[in-house]
Amino acid sequence: MLVIFVLILLALVLFATERFPIDVTAILIMVLLMVLEPWTQISPREGISGFANPATITVLAMLILSTGINRTGLVQLIGRKMATFAGTDRRKQLAATVGVTGPVSGFINNTPVVAILVPVIADLAHEGKTSPSKLLMPLSFASMLGGTLTLIGTSTNILASDIAAQLGAGSPGLGLHAFGMFEFTKLGVIVFAVGALYLMTIGVRLLPERIPADEDLVEEHALQEYLADVVVPANSALIGQTVGEALGDDLDIDVLQLIRYGERFDEPLARKETHENDTLRLRTNRETLEDVIDAEGLTLSGGPRTEDDLHPEEEEPVLVEVVIPSGSFLVGETLTSSSFRQRYDANVLAFRIRGDVVRDRFEDIRIRVGDTLLVQAPPDSLTRLVENEDFIVAHEFDEVTYRSEKIPFAVGIIAGVVALPALNILPIVVSALAGVVAMIFTGVLKPTELYSSVEWNVIFLLAVVIPLGIALQQTGAAALLGDAVATTSVFLPPIGVLWIFYLATRLLMSVISNNASVVLMIPVAANAAQSIGANAFAFVLAVTFAASMAFMTPVGYQTNLFVYGPGGYTFSDFIRVGAPLQFLLSIVTVLGITFFWGVRV
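Quick look at the structure, then. (Residues numbered from 1 in each chain as written. Predicted model: local features only at pLDDT ≥ 70, side-chain atom pairs only at ≥ 80, totals over all residues. Heavy atoms only, no water.)

Glancing now at the packing of aromatic side chains. Counting across every chain of the model gives 13 aromatic pairs. Ring centres of phenylalanine 596 and tryptophan 597 lie 5.7 Å apart, and the angle between their planes is 65°; on these two criteria the pair is classed as edge-to-face. Taking the relative accessible area as the measure of exposure, phenylalanine 596 reaches 28% and is therefore partly exposed. Taken together, the aromatic side chains of Phe179, Phe184, Phe537, Phe545, Phe595, Phe596 and Trp597 make up a single cluster linked through ring pairs. Against the face of phenylalanine 85 rests lysine 92, its NZ or CZ located 5.3 Å from the ring centre. (Phe/Tyr/Trp six-rings, centres within 6.5 Å; stacked < 30°, edge-to-face > 60°. Buried < 20%, exposed > 50% of the residue type's maximum accessible area, 1.4 Å probe, protein only. Lys NZ or Arg CZ within 6 Å of the ring centre and 35° of its normal.)

Before going further, it helps to examine the environment of threonine 559. Mapped onto the fold, threonine 559 is located in helix H26 (residues 558–564). Considering only alpha carbons, one finds threonine 559 and leucine 136, 423 residues apart in sequence, at a separation of 10.0 Å. With residues up to four places along the chain from it excluded, the contact list for threonine 559 reads Asn110, Thr111, Val114, Ser140, Ser143 and Met144. (Helix = DSSP H or I, 4+ residues; strand = E, 2+ residues; numbered from the N terminus. Contact = heavy atoms within 4.5 Å.)

Nonpolar side chains collect at one region of the surface, where Trp499, Leu503, Phe583, Ile587 and Leu591 lie side by side and expose about 450 Å² of accessible area between them. If you list the elements that add at least two residues to the nonpolar patch, you get helix H23 (494–509) and helix H27 (571–597). Sort the elements by how many residues they give to the nonpolar patch and H27 lands first, with three residues. For tryptophan 499, the position within the fold is in helix H23. Owing to a relative accessible area of 30%, tryptophan 499 belongs among the partly exposed residues under this scheme. (Patch = residues over 30% accessible without salt bridge, like charges linked within 9 Å, V, L, I, M, F, W, Y side chains within 5 Å. Areas by Shrake-Rupley, 256 points an atom, 1.4 Å probe, with all protein chains shown as cover. Salt bridge = Lys/Arg side-chain N within 4 Å of Asp/Glu carboxyl O.)

Moving on, we come to unusual backbone geometry. Of note in this structure, glutamine 41 is not a glycine but carries a positive phi near 60°. Owing to a relative accessible area of 39%, glutamine 41 belongs among the partly exposed residues under this scheme. Despite not being glycine, asparagine 424 shows a phi value in the positive range, around 60°.

Turning to the environment of alanine 534, a few remarks are in order. Its place among the elements puts alanine 534 in the loop between helix H24 (514–532) and helix H25 (536–546). Distance in space between the C-alpha atoms of alanine 534 and leucine 498 is 9.3 Å, their sequence separation being 36 residues.

Interaxial distance between helix H22 (residues 477–486) and H24 falls to 7 Å at its minimum, and their mutual angle equals 55°. By the angle between their directions, the pair H22 and H24 is classed as oblique. The two elements H22 and H24 meet at a crossing, and its hand is right-handed. Contacts from Ala478, Ala479, Leu481, Gly482, Asp483 and Ala486 of H22 reach H24 at Pro523, Val524, Asn527, Ala528, Ser531 and Ile532. (Axes fitted to C-alpha atoms, helices over the stretch in contact; angles between N-to-C directions. Parallel < 35°, antiparallel > 145°, perpendicular 65-115°, else oblique. Left-handed = near helix turned anticlockwise from the far one by under 90°.)

Keep in mind that these numbers describe shape and distance, not what the molecule does.
Below, the structure is given as structure tokens:
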């Protein structure tokens, strides 16, 4: 048990500090479990069993199915109809955001739903003269609330169902079983309704107007002092040199554009020769600009003051925010090491990192999930970014093509995936895999898109936490922790112990992922319930619901990271809006579980 607790502590530290990528940490813990078999009681076969676990395969299949829905443009179509309905009415905008996102997230993995809707909601806010800060956090929160509606709403639900089934098979007296497709929908509807009501009344008053509705991206990122146009005069030493030679990599300067007698050059400019009277559009700080002007004899001709000045014509480069999602190749890289500018013919003007805007010296900053880049690029380059799953571009583009003619097939396939397990015709893992095959045969997805559809860090995380959960059970560590928590029943009724498990899961999720929290907490909760003679299924549900409610921090859930930058939020914004909602739903969930399933056996 001591070895298991040490490994869990090591996993907590590595996941929290992000010292290594999630999948690398997962493999490390998996190897240690197998190497230390005499103490962990995890054989090599059990150590890799997570890869063949039905929950892992089901989550993998659901990620692919979600990508198939994305390729059809169905969610974007719903989003546009939502925007038409809402118009400039802020209440309608918020109601549409919550009302659409929640139900959709019940049937499609909520992470890609938010990734798709971020640009839709951001554009809705700007066009409707509403601050994006008023809509993007509710978008993320509504997706989490919607994930509680069905078994397939989140990967957490699927994993919790499998763990419950395993515990029930090992100890029939617990009364645990795999969740049905709509087994907890009645509670999910209540939780969603209460959460939506909170966001529409109290939450909207607590949400900041962090970004003014009519402010462009140049002003929002305070870049006026970082953008300037300089002219190369007749006596300049730069004449005849290439841009790369003239302004080398040792200076924190980006040449965004070269203008020569009205003609604009945006392609990679490092090898472009500098001529007399050329205008160079630069991104740099004021001190470096003054040094370059003095050293090279350049003339300052002013600088872009607004987004319109930066690209006054439609064919000019476009300025957008780009969010880095989990699984992006940029995670762990820097702009320099990833060759971002050369690869995408795009310039990064600013970084938004965990709420802070960095405007200079960011080329060597290591990129993390949720970081937001302010990117300037030609329209064709931005189209490539939009179509690349390594990025979430917070602006909609009409140039992107979808397989809209495949929408009926995609909807029918998802309906079948949901209906077959609900009617007990097929297990969910078989139904989901059959749906993947159907999407390939009907052309909703291309075979080459299967592998890119999967968030492999999620799969590796599941693969390691499952044997870690087995070790908790086999070594008696789960029983020990369960008995320790069960001692609170001396001075608390069973419903109070149930609430403690809800809160403990939420606390653990501030350090590790929701999936890891479920694997660690469900065996402990089941053992605690057994110790006090309570309903183990009620305790498992409390942990499962708690693992989907990450409202208090931007790093607690991936969808929060997606809206963190585009919404201009600070860490305290999530605490102010999310803490009351977290407390309210903890009470609603515990009371709902008690009412529908009972706490006592």
